[in-house]
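# Structure at a glance
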Amino acid sequence: MVLKVFFPSCCSSADSGILIGRWISEQNSAVVLAVVHFPFIPVQVKQYLGEIQRVTKVSVSVLGSWSNSKQEKEESLSEFLEDLGTIFCHEPWIQISKEGDSKFWSCSTLQKHTKNPQEEEIILVYYDQRKVMLSHLHPPLDTTGQRAEDASKLSAIFDTVARSQVLFMTDRYDEGPIKLTHWQSDGVEASIIVELLKQASVPACMLLTFLLSLVSGICRSRVLKFWPLSFLWSKLSTCEQLGHRLQHLQAISSNKKAQNQNQLMRKANIFVSLLIDVALGILLMSWLYRRNRIGHLADTLIPVADHVAEELQDLLQWLMGAPAGLKMNRALDQVLGRFFLYHIHLWISYIHLLSPFIEMILWYVGLSACLGLTVALCILSDIIALLTFHIYCFYVYGARLYCLKIYGLSSLWRLFRGKKWNVLRQRVDSCSYDLDQLFIGTLLFTILLFLLPTTALYYLVFTLLRLLVVIVQGLIHLLVDLIDSLPLYSLILRLCRSYRLAAGVKFRVLEQQDGKPLRLLMQINPLSYGGVVQTYRLPTYSCYPRDSWASLCKKLFLGELIYPWKHKGDKQN
């Protein structure tokens, strides 16, 4: 059998002593966690290991002995280290010795309580204890067969080191009866700034939780459930984004401790996303209020709206003539054209009525950028929706009229074939019609068929205009979704400390010599950037419909409406 010994590279220069760690019998592996130096009292070592087991729930025990011949040159030392195996009673008793400045170590096992001891092949694996301790192993997504088994074996090694954090909190400066060597034996790794932030975060989180509970209580009040306010709250993307950010603030200010690494990373990603979002919003706000850019924007907005209205008037005048040489139904063409021209006239009057207040409105809207860039982008999307509301009305009128004619023609076509739609059974059944019904159906079918090209042309033009607005709003919401869902903290961690996000390990063979154990170096394979995004991507809401191309084409052909906002019940979790 092959015995695998995982030895921390930070203990390679430690003084002679005993090895403490965990024995994994299923894998026939030993994970060395630290070295206990001489002098020590065996009873105190057993008591200390018992306390470690009680706190960490890891079966830590004495695995063997460690001899560094550079510090100790007495011949009786090896015999003394062998005798320690009778005190601590571990099978097999692992003996690792470093021979001076040589690169090759000797490693052997003793099995005193076994009648027929078998000679085992030993593989000595060096690992960086700090990286393994701070990393989080991500098993492969397609964990099937052999890959799943290998992932479970690796997770046992990572889990042993991660759960033994209490063992690494003592350094050589502590006044205790036991002296250890591990990755923090020269001093516990800590930061004064981080500790101060931890102390200050408790009252800050309590205050933030109280304020958020007040805000959420106001949002859940009955006043907002009445028709006008509930309608605006469900339709405006700004309200949806504010509600989404409110949930994020409640998640990071919660006093509930994260249960696992994924929850901790999710909180960190939300916190960094909020910080970057607010920082970008403040930069945008400072740019808007510098050099009177708000006034210039307000002065530009009215001429642009007038220019769009004039272009729509020219388009309607073109449609009321002979567009592209097509012969339209003149009566219906004139009625539709004048109807839409009257709406444009109302829209121009509405814009000029608001023109004295636009600069003041933009000034207050610009202040909302301090809530984050995503809030400012959602407000921009809502402003575009309000400024193009007349285009949306044109699209709705054309779509309803076109849809009415399409369904009327399909119903009359079934009449010619002696069929009808059974509403109760939701199917087409045979039906016999008399002469009067067929005559009236023929007249209606002829009228609808000859009026269809005029209606279809108006529907096509306004649908293209509506799709243009939808594409602009869709790009804005894609940017909002990108900022909301991108795991920025995980990506920064992958860039700066890639070992924190481990996807697996690779083993590199070191120098090998006959008669000596095989020496391997365990290196951590970081998670790819795509894997980081896929694993830690934050859930987002989407104000936009995510229809497939086939579904979108079907809606356009049948004249169904493409709503500018998503219904409130269709949120993505």
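Bear in mind the structure is a predicted one, so any value in this text is a computation, not a measurement.

Before going further, it helps to spend a moment on the pattern of salt bridges. For the structure shown, the criterion picks out four salt bridges. Arg-163 is the salt-bridge partner of Asp-159, the closest N and O atoms lying 2.9 Å from each other. You can see Asp-159 and its partner Arg-163 sitting in helix 4 (residues 146-163), four residues apart, about one turn around the helix. Taking relative accessible area as the criterion, Arg-163 reaches 34% and is therefore assigned partly exposed. Of the charged contacts, one joins Asp-429 and Arg-427 as a salt bridge, the two residues approaching to 2.9 Å between their closest N and O atoms.

A word on the environment of Ala-30. Residue position: Ala-30 is located in strand 3 (residues 29-37). If sequence neighbours within four positions are ignored, Ala-30 has contacts with Lys-4, Val-5, Phe-6, Arg-22, Trp-23, Leu-63 and Ile-94.

Attention shifts here to the environment of Met-1. Within the secondary structure, Met-1 sits in the segment before strand 1 (2-8). Under the relative-accessibility criterion, Met-1 is labelled exposed at 67%. As a C-alpha pair, Met-1 and Glu-121 span 120 residues in sequence and 6.3 Å in three-dimensional space. Leave out the neighbours within four places in its chain, and Met-1 touches Asn-28, Glu-120 and Glu-121.

Glancing now at unusual backbone geometry. A positive phi angle, near 60°, is found at Lys-57, a position not held by glycine. Examined against the element boundaries, Lys-57 turns out to sit in the loop between helix 1 (42-56) and strand 4 (60-68). Here Arg-291, not a glycine, exhibits a phi torsion of approximately 60°, which is positive. For Arg-291, a relative accessible area of 69% corresponds to the exposed category.

UniProt's entry tags residues 200-219, 270-289, 335-354, 361-388, 394-416, 437-461 and 467-492 with the feature "transmembrane region" (unreviewed entry), counted in the numbering of this structure. Counted over residues 270-289, helix gives 95% and strand 0%. Its end C-alpha atoms are 28 Å apart. Secondary structure within residues 361-388 divides into 79% helix and 0% strand; the distance between the first and last C-alpha atoms comes to 17 Å.

The subject of this paragraph is the pairing of strand 11 (residues 427-430). Relative to strand 11, strand 10 (residues 419-422) runs antiparallel, the two being bridged by four bridges. Across the sheet, Lys-420 pairs through a bridge with Asp-429, a residue of strand 11. Here strand 10 hands over to strand 11 after four residues, with Gln-426 in that stretch at a positive phi of 55°.

Counting 40 residues, the largest nonpolar core has Val-45 and Leu-167 as its most contacted members. Sort the elements by how many residues they give to this core and helix 4 lands first, with five residues. In this structure Leu-167 touches Ile-20, Leu-33, Ala-34, Tyr-48, Ile-52, Leu-180 and His-182, once residues within four positions along its chain are discounted.

The geometry of an aromatic ring pair is captured by two quantities: the separation of the ring centres and the angle between the planes. Here the structure, examined in full by the defined rule, presents 17 aromatic pairs. Here Trp-347 and Tyr-350 contribute two aromatic rings whose centre-to-centre distance is 5.2 Å and whose plane-to-plane angle is 45°, an arrangement assigned as tilted. One end of the pair, Trp-347, and the other, Tyr-350, are both in helix 10 (residues 330-354), three residues apart, so they sit about a helical turn from each other. Here Trp-363 and Tyr-364 contribute two aromatic rings whose centre-to-centre distance is 5.3 Å and whose plane-to-plane angle is 85°, an arrangement assigned as edge-to-face. The exposure class of Trp-363 is partly exposed, given its relative accessible area of 40%. Here the aromatic cluster, defined as three or more aromatic residues joined through ring pairs, consists of Phe-339, Phe-340, Phe-394, Tyr-397, Tyr-458 and Phe-462.

Along the chain, Phe-416 falls in helix 13 (residues 389-416). A relative accessible area of 35% means that Phe-416 is categorised as partly exposed. The spatial distance from the C-alpha of Phe-416 to the C-alpha of Thr-442 is 8.2 Å, given a sequence separation of 26 residues. The contacts of Phe-416, once residues within four sequence positions are left out, are Gly-441, Thr-442 and Phe-445.

Let's shift gears to helix 1. Residues spaced three or four apart along an α-helix face the same direction, because each turn holds 3.6 residues. Under the 1.5 Å per step criterion, the end-to-end length of helix 1 is 21 Å for 15 residues, consistent within 8% with the ideal 21 Å. Following helix 1 by one or two positions, Lys-57 adopts a phi angle in the positive range, close to 60°.

Two numbers describe how helix 12 (residues 373-387) lies on helix 14 (residues 435-485): the axes approach to 10 Å, and their chain directions differ by 165°. The angle between the axes of helix 12 and helix 14 places the two elements in the roughly antiparallel class. Where helix 12 crosses over helix 14, the handedness of that crossing is left-handed. Contacts from Leu-373, Thr-374, Leu-377, Cys-378, Leu-380, Ser-381, Ile-384 and Ala-385 in helix 12 reach Val-469, Val-472, Gln-473, Ile-476, His-477, Leu-479, Val-480, Ile-483 and Asp-484 in helix 14. Partitioning the contact of helix 12 with helix 14 into residue classes produces twelve nonpolar, four polar and one charged.

Each value, and the rule that gives it
Residues numbered from 1 in each chain as written. Predicted model: local features only at pLDDT ≥ 70, side-chain atom pairs only at ≥ 80, totals over all residues. Heavy atoms only, no water. Salt bridge = Lys/Arg side-chain N within 4 Å of Asp/Glu carboxyl O. Helix = DSSP H or I, 4+ residues; strand = E, 2+ residues; numbered from the N terminus. Buried < 20%, exposed > 50% of the residue type's maximum accessible area, 1.4 Å probe, protein only. Contact = heavy atoms within 4.5 Å. UniProt positions renumbered as here; feature names shortened; annotations may be inferred. Pairing = 2+ DSSP bridges. Core = buried A, V, L, I, M, F, W, Y, C linked by side-chain atoms within 4.5 Å. Phe/Tyr/Trp six-rings, centres within 6.5 Å; stacked < 30°, edge-to-face > 60°. Expected span 1.5 Å × (residues − 1). Axes fitted to C-alpha atoms, helices over the stretch in contact; angles between N-to-C directions. Parallel < 35°, antiparallel > 145°, perpendicular 65-115°, else oblique. Left-handed = near helix turned anticlockwise from the far one by under 90°. Nonpolar A, V, L, I, M, F, W, Y, C, P; charged D, E, K, R; others polar.

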